[in-house]
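Chains, contacts and geometry: an overview
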Amino acid sequence: DDDDGTNPIPEYTKVQFEDLNGFESDENSISMPAQLGSWTASAFSEQSFTGDGKLTFTIDNTKRLKVGLTAVDGGFDDIDYNLELNWGNAYVAKDNSRVDGVISSYSSGDSFTIERNGNEIVFYHNGDEIHREAADVDPDVKLFVDVGGQLVDSGISDVLLHSDNLFPSSGG
């Protein structure tokens, strides 16, 4: 197992974002420098993966973000599997609907992982599993990172994709 408690997947890439709307990107992190309106900031990764893989990231503050894996760039309100990070409380959402109530409380600097492992999506907080559910996305379908933001200074850093089946860009 990796240090974060998930399955070992050797290859990784620093996530670069395209389609930035309201976010600024620096290396493999993004932040929201100004307020645009309610849930109007969004970002979509250039990289993707098929098969088993995972997204890892560090939360920079406890403001409001949605971070997840998705097959299509439909904006923050159409993320297939995501964490809604809301003032120190984490919720799991599927297709923009919360699955449960608060599943974990978090602080700035905490790490999260969203992993596709076979036919399941598994969520981790600081290496501890916090939620597991059946995936309805074909493993041959590329998954990308999608982020939505609501409040100024919201951001994530150390954003990495891990997989043996990485693709360098979305290709438009």
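For the structure itself, look to the data block above.
First, a word on what this report is: a plain description of the structure on this page. (Residues numbered from 1 in each chain as written. Predicted model: local features only at pLDDT ≥ 70, side-chain atom pairs only at ≥ 80, totals over all residues. Heavy atoms only, no water.)

**Comments concerning the environment of Val145**
Its place among the elements puts Val145 in strand β15 (residues 143-149). Exposure remark for Val145: the relative accessible area of 0% places this residue in the buried category. For the pair Val145 and Leu69, spaced 76 residues apart in sequence, the C-alpha to C-alpha distance is 4.9 Å. Beyond its immediate stretch of four places on either side in the chain, Val145 contacts Val15, Phe17, Ala43, Phe44, Ser45, Gln47, Leu55, Gly68, Leu69 and Leu161. (Helix = DSSP H or I, 4+ residues; strand = E, 2+ residues; numbered from the N terminus. Buried < 20%, exposed > 50% of the residue type's maximum accessible area, 1.4 Å probe, protein only. Contact = heavy atoms within 4.5 Å.)

**So, the pairing of strand β13 (residues 120-125)**
The buried count for β13 comes to five of six residues, which makes it a mostly enclosed element. Here strand β12 (residues 111-117) runs beside β13; their pairing, made up of six bridges, is antiparallel. From the neighbouring strand, Arg116 faces β13, where its bridge partner is Ile121. Linking β12 to β13, which pair antiparallel, is a turn of two residues; within it Gly118 sits at a positive phi near 65°. Here β13 pairs with strand β14 (residues 128-134) via six bridges, running antiparallel. The residue of β14 that forms the bridge with Glu120 is Ala134. Joining the antiparallel neighbours β13 and β14 is a turn of two residues, in which Asn126 adopts a positive phi near 50°. (Pairing = 2+ DSSP bridges.)

**Considering the packing of aromatic side chains**
If you walk through the whole model with that rule in mind, you get three aromatic pairs. Relative to Phe112, the ring of Phe57 has its centre 5.7 Å away and its plane inclined at 25°; by these criteria the two rings are stacked. In this pair, Phe57 is assigned in strand β6 (residues 53-59) and Phe112 in strand β12, connecting sequence segments 55 residues apart. For the pair formed by Phe57 and Phe112, the shared burial category is buried. Judged by centre distance (5.8 Å) and plane angle (80°), the rings of Tyr106 and Phe112 are edge-to-face. This pair shows no difference in class: Tyr106 is buried, exactly as Phe112 is. An aromatic cluster of at least three residues, connected via ring pairs, comprises Phe57, Tyr106 and Phe112. (Phe/Tyr/Trp six-rings, centres within 6.5 Å; stacked < 30°, edge-to-face > 60°.)

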